[in-house]
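Results of the structural survey
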Amino acid sequence: MWIFFFFFQDTGLHYDRYLREVIDFLEKDQHFREKLHNTDMEDIKQGKLAKELDFVGHQVRTKLDELKRQEVNRLRTLIKAKQDAEGGHEMNHKVLLKQFEYMNHMNPHTFEVEDLDKLIQSATNDLENYDQKRHEEFKRYEMMKEHERKEHLKNLDEEHRKDEEQHYEELRKKHADHPKINHPGSQDQLKEVWKESDGLDPNDFDPKTFFKLHDTNGDSYIDEQELEALFTKELEKMYRPNLDEDDMTEMEEERLRMREHVMNEVDTNKDRLVSLEEFLMSTNKKEFLEPDSWETLEQAPAYTDEEMKLFEEQLAQEESNLNQKNSDLQKQKEELERQQEKLNAQKAELHINS
């Protein structure tokens, strides 16, 4: 069930706690819990589940009202703190309203059907974009790392530059020198987990038993965190902490790529959870039994030459704007100093004349 993704997993959304608390209290209402377990993804997206809020008991509704008021106050405090940090300047009205997209901010007192509908729709949309944002952040991280490396080289003489370039190539080769990486979610990869992590004979591999072993919270689904845990052995082949050639940020990006790939292959109803039925179906596919080789990050660069060029142009423009701002501030400072000197001179003259 799609809604369990929110309940059992940290979504990374800035309103994650509010989302979890709302679902938690709705689960305590028997009528709503039954509807929750029997509503499919499409009905949820169309707002049919949200309408069931009208049939929720008074005690739960009262608690939801309280949760909403607390969340409104939290947002107001955050916005006020941000405004103070920016020197009290008036903030963009659209930016302010965007903070409230997951609730009806026009009614800050009671939790209504519209609030539940907005919360579900916002969480669904935000989570669909969450991984893409992480990829974009990683791309920027990689480009900044390369930019800083090239800037460092510019400051070296020819001899030291050659030594640095040679050291860089040696590190790349060291990182690429690792055992074969199994295709994520393939029979070979899962059998290795079965052997190395579970301590079982690969010849006795049983998909149903494997699923139950790695459904660690016992909810009958393998969620994204449980799925990512299955890739630890593969990642350890490529990344080791405290070694210069291995970047742990890149390791987490590789983990994300593996998880996305398996979810795209196995999660047929796109609820961000893998059911036992979906898992067993995937083990009968050709991709599971005879997978292609896995293309790792070093084989699939995070950015193109054109993207790197645009990134460096952007950095140069930002630096130019910052220098201009500093120059303007320096001129303002000098002008204030001149005015202060002039004022002091006028005061001294008045003092003499008096």
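Here's a quick rundown of the structure. None of these values were measured; they are calculated from a predicted model.

1. A look at the overall build of the chain
Check the secondary structure of the chain and you find 17 helices and 2 strands. Here the C-alpha radius of gyration of the chain, 28 Å, is well above what a compact globule of 354 residues would show, namely 20 Å. Counting only C-alpha atoms and orienting by the principal axes, one finds that the chain spans roughly 105 × 70 × 30 Å. A total of 354 residues make up the chain; the buried ones form 37% of that total. When contacts within the chain are restricted to residue pairs at least 6 apart in sequence, long-range pairs at least 24 apart make up 67% of them. Carbon and sulfur atoms make up 48% of the accessible area of the chain, which totals about 22,000 Å². Counting 54 positive and 88 negative side-chain charges, the chain places the averaged centre of each group 4 Å from the other.

2. Overview of the packing of aromatic side chains
The tally for this structure, following the rule as stated, stands at 7 aromatic pairs. Aromatic pair Tyr18 and Tyr102: ring centres 5.8 Å apart, planes at 55°, arrangement tilted. Here Tyr18 is found in helix 2 (residues 16-27), whereas its partner Tyr102 is found in the loop between helix 7 (93-98) and helix 8 (113-154), with 84 residues between them in sequence. The burial state of Tyr18 is the same as that of Tyr102; both residues are buried. Taken together through their ring pairs, the aromatic side chains of Trp194, Phe205, Phe210, Phe211 and Phe279 make up a single cluster. Between the NZ or CZ atom of Lys28 and the centre of the ring of Phe25, over which it lies, the distance is 4.2 Å. Across from the ring centre of Tyr168, 3.9 Å away, lies the NZ or CZ of Arg149, which sits over that ring.

3. A short note on the pattern of salt bridges
Counted by the stated rule, this structure contains 28 salt bridges. Put simply, Arg272 and Glu224 hold a salt bridge, and the shortest N to O gap is 3.3 Å. With Arg272 in the loop between helix 14 (248-266) and strand 2 (274-275) and Glu224 in helix 12 (residues 224-229), this residue pair connects regions lying 48 residues apart in the sequence. With relative accessibility at 15%, the residue Arg272 sits in the buried group. Arg257 serves as the salt-bridge partner of Glu254, at 2.5 Å between the closest nitrogen and oxygen. Here Glu254 and its partner Arg257 are both found in helix 14, 3 residues apart, which amounts to about one turn of the helix. The same class applies to Glu254 and to Arg257, which are both buried.

4. Thoughts on empty space enclosed by the protein
Using the criterion set out here, one finds 2 cavities of 30 Å³ or more in the structure. Roughly 100 Å³ of internal volume is contained in the largest cavity. In terms of lining residues, the largest cavity is bounded by Gly185, Gln189, Leu190, Ile222, Leu227, Leu230, Phe231, Val262, Val266, Val274, Phe279 and Ser282. Where the lining of the largest cavity is concerned, the elements lending two or more residues are helix 10 (187-196), helix 14 and helix 15 (276-282). Partitioning the lining of the largest cavity into residue classes produces 9 nonpolar, 3 polar and no charged.

5. Details of the layout of surface pockets
Where empty space is left can be seen by rolling a probe of water-molecule size over the atoms. Here the largest pocket is characterised by a volume of approximately 910 Å³. Lining the largest pocket we find 26 residues, and of these Glu142, Lys145, Tyr168, Arg172 and Glu250 sit closest to its centre. Looking at side-chain class alone, the lining of the largest pocket contains 10 nonpolar, 3 polar and 13 charged residues.

6. Focus: helix 14
A rise of 1.5 Å per residue sets the reference length of helix 14, with its 19 residues, at 27 Å; its end C-alpha atoms lie 27 Å apart and thus fit the reference within 8%. Taken residue by residue, helix 14 has Glu250, Met251, Glu253, Glu254, Arg255, Leu256, Arg257, Met258, Arg259, Val262, Met263 and Val266 as its buried positions. The backbone nitrogen of Thr249 lies 2.8 Å from a side-chain oxygen of the residue at the head of helix 14, namely Asp247.

Criteria and thresholds
Each chain carries its own residue numbering, running from 1 in the written order of its sequence. Given that this is a predicted model, residues contribute local features only at a pLDDT of at least 70 and side-chain atom pairs are listed and counted only at 80 or more, while totals for whole chains, interfaces and linings are drawn from all residues. With hydrogens and water excluded, all non-hydrogen atoms of the structure serve as input to the side-chain values. Each helix is a run of DSSP H or I of at least 4 residues and each strand a run of E of at least 2, with the numbering of both proceeding from the N terminus. Each radius of gyration is computed over the set of C-alpha atoms, and the globule rule expresses the reference value as 2.2 Å times the number of residues to the power 0.38. Burial classification: accessible surface area is computed with a 1.4 Å probe over protein chains only, and a residue below 20% of its type maximum counts as buried, one above 50% as exposed, and the rest as partly exposed. We call two residues contacting when some pair of their heavy atoms lies within 4.5 Å. For accessible areas, the Shrake-Rupley method is used with a probe of radius 1.4 Å. Any residue's cover is judged against the shown protein chains and nothing else. Positive charges come from Lys and Arg alone, negative charges from Asp and Glu alone, with His and the N- and C-terminal ends not counted. Where a charge lies is defined by one atom per residue type: Lys uses NZ, Arg uses CZ, Asp uses CG and Glu uses CD. Stacked, tilted and edge-to-face pairs are distinguished by plane angle, under 30 degrees for stacked and over 60 for edge-to-face with tilted covering the rest, among Phe, Tyr and Trp rings (Trp via its six-membered ring) whose centres lie within 6.5 Å. A ring is considered to have a charge above it if a Lys NZ or an Arg CZ atom is located within 6 Å of its centre and within 35 degrees of its normal. Basic side-chain nitrogens of Lys or Arg form a salt bridge, by our definition, when they fall within 4 Å of a carboxyl oxygen of Asp or Glu. Think of a 1 Å grid over the protein atoms and nothing else: a 1.4 Å probe that fits but is trapped marks a cavity, an open set flanked by protein within 12 Å on at least five of seven lines marks a pocket, and residues with an atom within 4 Å of a point count as lining. Grid points are joined across faces, edges and corners, and a volume is the space filled by probe spheres set on the points. Residue polarity follows a fixed list, in which Ala, Val, Leu, Ile, Met, Phe, Trp, Tyr, Cys and Pro are nonpolar, Asp, Glu, Lys and Arg are charged, and the others, Gly among them, are polar. Working rule for helices: expected span equals 1.5 Å times residues minus one. As used in this structure description, the phrase polar contact means that two N or O atoms lie within 3.5 Å; if the pair is within protein, one of them must be able to donate a hydrogen and the other to accept it, and residues adjacent in sequence are counted only when both atoms belong to side chains.

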